[in-house]
Amino acid sequence: MKQAFVKMQGAGNDFVLIDAREKPFRPDPDLVRWIADRRYGIGCDQLLVIEFAGGGTAYHIYNSDGSTAAQCGNGARCVARYLADLGAIKPGDTLQSPGGSVVVDFEAGLVSIDMGHPSFESAAAGFSGAARDVIEIDGTTWTFDIVSFGNPHAVIAVDDIGSAPVGAVGRALQEDERFAESVNVGFAQVVDRGHMRLIVYERGAGETLACGSGACAAVAVARRDDRVDDAVNVTLPGGTLRIFSDDIGSMRMAGPAEYSFRGEFER
């Protein structure tokens, strides 16, 4: 049987969307890995499967290695754009992700979602260490902060992300047995109070061009430490996301959600 799909991207973080609201689609890990493969399949950082659930619309998130994820900010914005273009949702509506509900909005050609409140508790990220902890790699000690937006993040403050050993440190933290279900690792540089630079080594995907929840995690740590203001542009390798924080700590992310192409596959 042929399966239709839509390829989308948000700031270079790319996704294959499958609309399973009418016909169920539950892929096994091997199929997910084939879809995500950039040489033999379609190619993506994550596969997003949209379906009806509990009287609303939900989406499942599959990483390129076949594992699942609880939250994906850029993916949520792409799902919102796709459904809005079909007239299936409107501003202020809610989507259900595996990590909880997200409220969507549309402004000035961008898609925004309410990411909720960050948790700085180790347990929320499945981490058995301290909320601010360290790891030693080849004689260098790296300090990281724990943040959860329904998925786990370790944020490392650096002076220059251009010289950060993203792969080596990212892999080491993801393999650290203190993380029950691995972790997304962000390398964050504060340029000024309204601008940050970020690279994220994602759980199940490796280094990506953008990570929406990772951008929120990086801003959450910098905001808590009074290093940035309540509106911050986060520059990632694939583009820029706009992160807003309100007085009670809730965060909202705005950015592009664009189509790449449509097609169908047989497998």
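Residues numbered from 1 in each chain as written. Predicted model: local features only at pLDDT ≥ 70, side-chain atom pairs only at ≥ 80, totals over all residues. Heavy atoms only, no water.

## A few points about the overall build of the protein
Step number 1: The helix and strand tally for the protein stands at 4 helices and 18 strands.
Step number 2: Here the protein has a C-alpha radius of gyration of 18 Å; the compact-globule value for 267 residues is 18 Å, and the two agree.
Step number 3: If one aligns the C-alpha atoms of the protein with their principal axes, the spans along those axes are about 55 × 40 × 30 Å.
Step number 4: When the 267 residues of the protein are sorted by exposure, 52% land in the buried category.
Step number 5: The long-range share in the protein, meaning contacts at least 24 apart out of those at least 6 apart in sequence, stands at 61%.
Step number 6: Here the protein has roughly 11500 Å² of accessible surface; of this, 46% comes from carbon and sulfur atoms.
Step number 7: Between the averaged position of the 24 positive side-chain charges in the protein and that of its 37 negative side-chain charges there is a distance of 5 Å. (Helix = DSSP H or I, 4+ residues; strand = E, 2+ residues; numbered from the N terminus. Rg over C-alpha atoms; globule rule 2.2 N^0.38 Å. Buried < 20%, exposed > 50% of the residue type's maximum accessible area, 1.4 Å probe, protein only. Contact = heavy atoms within 4.5 Å. Areas by Shrake-Rupley, 256 points an atom, 1.4 Å probe, with all protein chains shown as cover. Lys, Arg positive; Asp, Glu negative; His and termini not counted. Charge placed at Lys NZ, Arg CZ, Asp CG, Glu CD.)

## Regarding the packing of aromatic side chains
Step number 1: The tally for this structure, following the rule as stated, stands at 6 aromatic pairs.
Step number 2: Directly above the aromatic system of Phe-244 lies the positively charged group of Arg-252, at a separation of 4.5 Å from the ring centroid. (Phe/Tyr/Trp six-rings, centres within 6.5 Å; stacked < 30°, edge-to-face > 60°. Lys NZ or Arg CZ within 6 Å of the ring centre and 35° of its normal.)

## Topic: the nonpolar core
Step number 1: If you look at the biggest cluster of nonpolar residues, it comprises 50 residues, and the most contacted ones within it are Leu-17, Leu-95 and Ile-243.
Step number 2: The element best represented in this core is helix H4 (residues 212-224), accounting for 8 residues.
Step number 3: Once residues within four sequence positions are removed from consideration, Leu-95 is found in contact with Thr-57, Tyr-59, Ala-76, Val-79, Ala-80, Leu-83, Ile-89, Gly-100, Ser-101, Val-102 and Val-104.
Step number 4: Counting 21 residues, the second largest nonpolar core, distinct from the first, contains Phe-127, Trp-142, Ala-154 and Phe-179. (Core = buried A, V, L, I, M, F, W, Y, C linked by side-chain atoms within 4.5 Å.)

## Some thoughts on the side chain of Ser-112
Step number 1: Here Ser-112 shows up in strand S8 (residues 110-116).
Step number 2: Ser-112 sits in the buried class, given a relative accessible area of 0%.
Step number 3: Once residues within four sequence positions are removed from consideration, Ser-112 is found in contact with Arg-77, Val-103, Val-104, Asp-105, Glu-107, Arg-252, Met-253 and Ala-254.

## Some points on the pattern of salt bridges
Step number 1: Counted under the stated rule, the structure contains 19 salt bridges.
Step number 2: When the shortest N-O distance is used, the salt bridge between Arg-33 and Asp-30 registers 2.5 Å. Linking Arg-33 with Asp-30, this pair stays in helix H1 (residues 29-36), spanning 3 residues, or about one helical turn.
Step number 3: Three or more residues joined by partner-sharing salt bridges are found here, namely Lys-7, Asp-14, Arg-38 and Asp-45. (Salt bridge = Lys/Arg side-chain N within 4 Å of Asp/Glu carboxyl O.)

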